[in-house]
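These are the residues of each chain, in order.
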Amino acid sequence: MNKFTISGSPHVHGDESTKKVMYGVVIAMIPAVLVGVYYFGLDAVRVLLLAVAASLFFEWLIQKYLIKGSLTINDGSALVTGILVALNVPSNLPGWMVIIGALVAIGMAKMSFGGLGKNVFNPALVARVFLLVSFPVQMTSWPKPMPITDGLVDVITGPTPLGIVKEGLGNGQTMSQLSTELPSYTQDMVGNIGGSLGEVSALALILGGVYMLWRKIITWHIPVSVLATVAIFSGIFWGFDPEHYADPMFHMLTGGLMLGAIYMATDMVTSPMTKSGQLVFGFGVGLLTILIRMWGAYPEGVSFAILIMNAVVPLINKGFKPRRFGVKPGVEVKA
Amino acid sequence: MGILKTFALGGVHPEENKLSSHAAIEVLPVPKQVIVPLGQNLGAPSKAIVKKGDKVKVGQLIAEAGGFISANIHSPVSGTVLKIDPAIDSTGYRRPCVFITVEGDEWDENIDKTDTLKAEIALTPEEIVNRIKSAGIVGLGGATFPTSVKLMPPPGKTAEFLIINGVECEPYLTSDHRVMLEKGKEIMVGIQILMKALKVEKAFIGIENNKKDAIAYLSELSQSYQGIEVVPLKVQYPQGGEKQLIKAVVNREVPSGKLPIEVGCVVQNVGTALAVYEAVQKNKPLIERVVTVTGKGVKKPSNFLVRIGTPVEQLIEAAEGLPENTGKVISGGPMMGKSLTSLDAPVVKGTSGILIMEKEESGRKTESPCIRCSKCTYVCPMGLEPFLLSKAAKLGKFEMAENEMIMDCIECGSCQYTCPANIPLLDYLRLGKLKVGQAIRNRNKK
């Protein structure tokens, strides 16, 4: 008598796996990592290694000794979180703060909610905001970009473009007066500006985003709706008063917007499940970002915007369903 | 050729693996014994009208339809009824079957066994439907819904289009493909018969573009038949689903919970069209069908013309045996087929193929937590949220599952195929559908 496997259909499986998705995100972050290392040198390497090692370690520790469950540190998710923590902090952040960031991301934001797939908020962003409110000075002392090719020189810190605008406008200066202090768009694109380790080069981030789109890890809905909302709202204000509001291009290319829109807001676990819901989510992130940048206490608002919208995701999931087959839009169907 | 038509929502594209597409249909020798299950079709099982010791001829009625949605069953062989006893069928359950010991091959004398094409349709629509009904024809695509029922639209509804399903979107299976290539003319006449029965002017044959030879051949044939048009379709699973096919071919959407007739369509499989031809023109009931035997380890992937009731084992023998490292034997395709518990299970009217999978590909991958990637939602051809429905079913929240339209699930398996976390979504969805279905029936009783 032959012994056959008995199971329900389907009997074949596509070649996607959680691991492939996670390592796909890792590959997509390589350009931004390289740019970070190029401009911020060995410090960037130090932060990256520390963040990744600490994230993996804490995940292992918690799974082994607190949850006593199966160990899944090689599924790639802790690696992604570790890299994202590093990309979200200044490269000159003291090592112990980086480790605290990793602990907050993995321990507080991920494992305490039940681990992979259960967390409400993006772990790396929770870490970024936690560090920002706990260590405001260290988290906003941005090293100036020094191409690694210039050799090892002492790190000089300076403000980010968004910081320059926030402070300048607050002191009554106009955009045209500030324009001499601000980097050019080309500098914004390649990453030759002050900022967190991985957020400086819009070009590198977009490159990774295109890769993730091609691999179907993300869809265009969130990045495009975030960026479009930011562009439209900043454009409206800039159109009325270009002396007191920065132009849309500036808003799109500076700060954590690209990193946020492409890598953080698109986090599968913490974003809506349907494409229509993702558009709403992206709109919310874009709008809150602009509100915080223009009128908030912080020069940058992407992290807060995404975390706030993370909290709204369950509601969006309830309200925005996929288009059902055989149901006319707006018609209530009761079986 | 411009952009190929396909359905709008979701879909996946598994490896096609049509290993047997060039294997011409071979007639499998009549076995020594057949086991004919009484429950072969969707709906009520049939009632046996023979008893132990009865002599039967090929094509003789041995079981009558057990209700409106049921079908007659005819003896696929000549010989003596050995017994009527439960036996394991392709569902894995022991269910009543008629065992017939084969003696010779003596056909009922009313059956025209010749191969000559009979194109003239002499019967009236009512006579056609009756002939199809008495011949026990059911949908041969796998769903086994009695064909005559589909040809009698409920009062107030009329059919506008007949859509012939030549999609064969399941990977591996090639029986429909071969039938289209080898029985094209008969299919054309069968379609004309179905058109006459339904009183429609227009029929479409939907064929996926991975069967270019069938598209070319049937397109050429259709020139000489009024109102038949071949529609090449983009390869996309589950295009063979009735609702998906209608959407792809005539761009109409069957409303949730309704039948295709609601949008003026009736869908029939190509194999069914052939069976209709044989029943109406040749007086031959449904006693045999084409079955693909395939799999990566199978020495001779084949398409056999098989008598109903032939044990699966004999088909596998004819394809040069069960491979050494067989892990799973599936009745049907890899996406929707059922895994067999025993090779003694007989071929039934709905058996489109026997797929033999190697040990390495037979198991499931380890399940990991849902990462909420939404891929299941993106690929669902019905626009459902499998992650949510499976969760609801798992937690026993069947009311929620019903509100989220679980009954619209067509069990195509695209969600589970796609899931990066290897979650057995369809297992839970089936459980949910079962429970919600029971709840609905109980509600309707009150």
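Residues numbered from 1 in each chain as written. Chains lettered and ligands numbered in written order. Predicted model: local features only at pLDDT ≥ 70, side-chain atom pairs only at ≥ 80, totals over all residues.

## Examining the interface of chain B and chain A
Counting residues at the interface gives 55 residues for chain B and 33 residues for chain A. The element that contributes the greatest number of residues to the side of chain B that touches chain A is strand S15 (residues 326-331) of chain B, accounting for four residues. For the side of chain B that touches chain A, the residue count by class is 26 nonpolar, 17 polar and twelve charged. (Contact = placed C-beta atoms within 7 Å. Helix = DSSP H or I, 4+ residues; strand = E, 2+ residues; numbered from the N terminus. Nonpolar A, V, L, I, M, F, W, Y, C, P; charged D, E, K, R; others polar.)

## A word on helix H7 (residues 270-282) of chain B
Note on helix geometry: an α-helix contains 3.6 residues per turn, so any two residues three or four positions apart are oriented the same way. Residue and element names in this part refer to chain B. Helix length check: H7, at 13 residues, gives a terminal C-alpha distance of 17 Å against a target of 18 Å (1.5 Å per residue), a fit within 8%. Those residues of H7 not exposed but buried are Val270, Gly271, Thr272, Ala273, Leu274, Ala275, Val276, Tyr277, Glu278, Ala279, Val280 and Gln281. At the C-terminal side of H7, Asn283 shows a positive phi close to 65°. (Expected span 1.5 Å × (residues − 1). Buried ≥ 20, exposed ≤ 12 C-beta atoms within 10 Å, placed from the backbone.)

## Remarks on the domain arrangement of chain B
Residues and elements named next belong to chain B. In terms of domain boundaries, chain B breaks down into domain 1 (1-11 + 18-27 + 121-363) and domain 2 (375-445). Centre-to-centre, using C-alpha coordinates, domain 1 lies 26 Å away from domain 2. Taken together, the contacts link twelve residues of domain 1 with 14 residues of domain 2. By residue class, the composition of the side of domain 1 that touches domain 2 is six nonpolar, six polar and no charged. (Domains from an automatic or database assignment.)

## Observations regarding the sheet that holds strand S5 (residues 61-64) of chain B
Residues and elements named next belong to chain B. Overall, antiparallel pairing links the three strands, which are arranged S3-S5-S6 in an open sheet. Because the sheet does not close on itself, it has two edges, and the strands there are strand S3 (47-48) and strand S6 (73-74). Both S5 and S6 contribute to a ladder of two bridges, which runs antiparallel. Bridge assignment links Ala63 to a residue of S6, and that residue is Ile73. (Pairing = 2+ DSSP bridges.)

## Observations regarding the environment of Ala44 of chain B
Residue and element names in this part refer to chain B. For Ala44, the location among the structural elements is in the loop between strand S2 (33-37) and S3. According to the C-beta neighbour criterion, Ala44 is partly exposed, with 16 such atoms within 10 Å. Placed 25 residues apart in sequence, Ala44 and Ile69 show a C-alpha to C-alpha distance of 6.2 Å.

## Structural notes on the confidence of the model for chain B
Counting all residues, the mean pLDDT for chain B is 93, and 100% of those residues have values of 70 or more. Summarising per-element confidence for chain B, the mean pLDDT is lowest in helix H9 (residues 359-362) of chain B (89) and highest in helix H13 (residues 414-418) of chain B (96). (pLDDT = per-residue confidence, 0-100.)

## Observations concerning the environment of Ile163 of chain B
All names here are of chain B. When you line up the elements, Ile163 lands in strand S9 (residues 161-166). Considered as a pair, Ile163 and Ile121 are 42 residues apart in the sequence and their alpha carbons are 20 Å apart. Look past the residues within four positions of Ile163 in its chain and what remains in contact with it is Phe204, Gly206, Leu245, Ile246, Val249, Cys265 and Val267.

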